[in-house]
Amino acid sequence: MRYETVIIGGSAGAGQVLDTILAAIPADWELSVLAVQHLHPADDGAFARHLARATPVPVVEPCDKQRVEPGRVYTAPANYHMLVERNGAISLSVDEKVNWSRPSIDVLFESVACAWGKAVIAVLLSGASTDGAEGMRAVKDAGGVTIAQDPTTAQVPLMPQSAIDAGAVDEVLQPDEIGPRVVRLAGERNL
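Computed from a prediction, not measured in an experiment: that's the story for all the values here.

A.B. asks: Honestly, the overall build of the protein chain in this entry has me stumped. Any pointers?
C.D. replies: Helix and strand content of the protein chain: 6 helices and 9 strands. Taken over the C-alpha trace, the protein chain has a radius of gyration of 14 Å; the compact-globule value for 191 residues is 16 Å, and the two agree within 12%. Expressed as a percentage of the 191 residues in the protein chain, the buried residues total 55%. Residue pairs at least 24 apart in sequence account for 69% of intrachain contacts in the protein chain once pairs closer than 6 positions are excluded.

In structure tokens, the structure reads:
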């Protein structure tokens, strides 16, 4: 069994931790990464351009129906939910906000859990809402691995704490431990 993807969600206070995680990914990375950050509606791709400076892996703000490829980081565009279909295509949606957010972490995580089940590593970072807790539960229930940022290190601890309180988290890690742990997990499972 191989891991197919790493999914990462965050909001207030998550940006620097996300940079640290992506910096740990090697240039020959073989998984996809799908990231949802709660963005200002006027973001015009600036978030994706910022992340591209943090990692040697190409960062893509996807188009609707674009296929997920290994060795890429995909970021949800502002004002769109990002989902993954069972055939591995990205779907962008302007459906109603979920947990007051579009893009929503729960929407991405739940769709990826349905598409790839136990082949998923999910990471939830700092944030000021409960978005992500249900998605983490979906990944955990599907047999994937779930990791939360230690709430004591989060600028805004509500998001990771909500997932922990829901019993949806396998591991709670410090920000500088998350990237190396994800890289190790991918290597262990993909041998």
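Next comes the rest of the account.
A.B. asks: Is there a simple way to explain the pairing of strand β6 (residues 90-93) in this structure?
C.D. replies: Within a regular strand, side chains alternate between the sheet's two faces. Alternating residues of β6 divide into Ile90 and Leu92 and Ser91 and Ser93, and every residue in both groups is buried. Pairing geometry for strand β5 (residues 81-84) and β6, over 4 bridges, is antiparallel. Residue pairing for β6: Val84 is matched across the bridge by Ile90. The turn joining β5 and β6, which pair antiparallel and follow one another in sequence, is formed by 5 residues; a positive phi near 85 degrees is taken by Gly88.

A.B. asks: Explanation requested: the packing of helix α3 (residues 105-116) against helix α4 (residues 133-141) in the structure shown.
C.D. replies: The geometry of α3 relative to α4 is characterised by a closest axis approach of 7 Å and an angle of 10 degrees between their N-to-C directions. The orientation of α3 with respect to α4, classified from their angle, is roughly parallel. Only Ala133, Glu134, Gly135, Met136, Ala138 and Val139 of α4 make contact with α3, whose side of the interface consists of Asp106, Phe109, Glu110 and Ala113. Tallied by class, the residues present in the contact of α3 with α4 amount to 6 nonpolar, 1 polar and 3 charged.

Procedures and definitions
- Every residue gets a number counted from 1 within its own chain, in the order that chain's sequence is written.
- Reporting in this predicted model follows two pLDDT cut-offs: at least 70 for local features of residues, and 80 or more for side-chain atom pairs to be given and counted; totals over whole chains, interfaces and linings ignore these cut-offs and use all residues.
- Excluded from the side-chain calculations are hydrogens and water; all other atoms, namely the structure's heavy atoms, are used.
- Only DSSP runs of H or I reaching four residues or more are called helices, and only runs of E reaching two or more are called strands; each is numbered from the N terminus.
- The reference for a compact globule is 2.2 Å times residues^0.38; the radius of gyration itself is calculated from the C-alpha atoms.
- Between buried and exposed lies partly exposed: a residue is buried under 20% and exposed over 50% of the maximum accessible area for its type, with that area taken using a 1.4 Å probe on protein chains only.
- The contact definition used throughout considers only heavy atoms, calling two residues in contact when any of these lie within 4.5 Å.
- DSSP bridges decide pairing: two strands pair if at least two such bridges lie between them.
- Working convention: axes come from line fits to C-alpha atoms, limited for helices to the stretch in contact. Angles between N-to-C directions cover 0 to 180 degrees.
- Here the word oblique covers every angle except those under 35 degrees (roughly parallel), over 145 (roughly antiparallel) and from 65 to 115 (roughly perpendicular).
- In the scheme used here, Gly and all other residues not listed as nonpolar or charged are polar, with Ala, Val, Leu, Ile, Met, Phe, Trp, Tyr, Cys and Pro taken as nonpolar and Asp, Glu, Lys and Arg as charged.

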